[in-house]
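Close look at the chain arrangement
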Amino acid sequence: MSARARRIESVVDAVGDTPMMRLRRVARHVPDVEVWVKLEFANPGGSVKDRPALRMNRDALSDGRLTRDKILIDSTSGNTGVAYSLYGAALGVRVRLVMPSNVSKARKDIARSFGTEIIFSDPMEGSDGAIHVARELVAKDPEKYFYPDQYSNPSNWRAHYDGTGREILEAVGDRLTHFVTGLGTTGTMMGCTRRIKEQPRPVECVAVEPSDALHGLEGLKHLESSLVPPIYDAHVPDRILRVKTEDGWDMSDRLAREEGLHVGHSSGANVFAALQIAEDAQRSGRGGCVVTIACDR
């Protein structure tokens, strides 16, 4: 039985309703626990950041904070910038991004292909340096810009409350025992967890962050050594699980070889953490259902 293809009016209508895939091979040692990964790279821009970028655009257009004579400006390490660029083009919004200069060439080229202008910040200062540059530019000419500030904007986590979290519950229902995702802007954790916690069955929601300040898990924040996003509420996750860079990288390699999933290192860290939780559930004899996020390719 085949599903009828969706017909859409614009690329913005293709965001969300991403598939969930059960991990069979990397999770074969935990047969009593379901381990699922939500494939957010299936969004048009190729990442989980499509959801908040589109929501921040739409909410600001609807309430007048963003008008056609303003330029959307924000800091990004890559995925949100691609999403801003794509949906800016689709919605007729000019986009200017501040990125660390060591962001991958592919992300720079993709953003520019949509007509986006890029301003580079010091690569040694990472995403926090890009935030400072963006804020300085807006302070100098506030009438010129709309600054969504993905780290402070409640539309970020609400995109996941209304979308990602709802879709997870629809897919696995009351079988869900654990939700696991990394902390970057923290929007995915904040929005999904708030939605998941509204249903009556207890679900443990676990945040993932790098184990060290100097790490190689692009897109994730080591909160103790970083600017903490204002949308982050430490009371929302039930606990934090720290993952080493090499464990995230190794899991990305395994997912490609064993599951046919070519995903980034933050996704590898998410799956590594999800499997640790599944192993604990397997040992306890409780079984369970663990869901995590494949953030991008």
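A brief structural summary. Everything numeric in this text was worked out from a predicted model, so none of it was measured. (Residues numbered from 1 in each chain as written. Predicted model: local features only at pLDDT ≥ 70, side-chain atom pairs only at ≥ 80, totals over all residues. Heavy atoms only, no water.)

**What to know about the packing of aromatic side chains**
- Evaluated as defined, the whole model comprises 1 aromatic pair.
- Aromatic side chains W157 and Y161 sit 6.3 Å apart centroid to centroid with 90° between the ring planes, which places their arrangement in the edge-to-face category. You can see W157 and its partner Y161 sitting in helix α5 (residues 154–172), 4 residues apart, about one turn around the helix.
- Taking the ring centre of W157 as reference, the NZ or CZ of R194 above it sits at 4.4 Å.
- Looking at R195, its charged tip hangs above the ring of Y161, at a distance of 5.0 Å from the centre. (Phe/Tyr/Trp six-rings, centres within 6.5 Å; stacked < 30°, edge-to-face > 60°. Helix = DSSP H or I, 4+ residues; strand = E, 2+ residues; numbered from the N terminus. Lys NZ or Arg CZ within 6 Å of the ring centre and 35° of its normal.)

**Structural notes on the state of the cysteines**
- Going through the model one piece at a time under the given rule, you end up with 0 disulfides.
- Lacking any disulfide linkage, C205 is separated from the closest cysteine sulfur, that of C192, by 8.7 Å.
- Cysteine C295 remains unbridged, with the sulfur of C192 as its closest cysteine sulfur at 11 Å. (Disulfide = S-S within 2.5 Å.)

**Notes on the side chain of T116**
- Note on placement: T116 falls in the loop between α3 (105–113) and β5 (117–121).
- Here T116 falls in the buried class, since its relative accessible area comes to 7%.
- Setting aside anything within four residues of it in sequence, one finds T116 in contact with S85, V95, L97 and A111. (Buried < 20%, exposed > 50% of the residue type's maximum accessible area, 1.4 Å probe, protein only. Contact = heavy atoms within 4.5 Å.)

**Quick look at the pattern of salt bridges**
- By the definition in use, this model includes 21 salt bridges.
- D296 is the partner of R107 in a salt bridge, and the nearest nitrogen-oxygen pair spans 3.2 Å. Of the two residues, R107 sits in helix α3 while D296 sits in the segment after β10 (288–294), which places them 189 residues apart along the sequence.
- Among the residues examined, R107 registers a relative accessible area of 16% and is labelled buried.
- A salt bridge links E167 to R166, with the shortest nitrogen-to-oxygen separation between them at 3.8 Å.
- Judged by relative accessible area, R166 falls into the partly exposed class, the value being 25%.
- Connected through shared salt-bridge partners, K38, E40, R51, R166, E167 and E170 make up one network. (Salt bridge = Lys/Arg side-chain N within 4 Å of Asp/Glu carboxyl O.)

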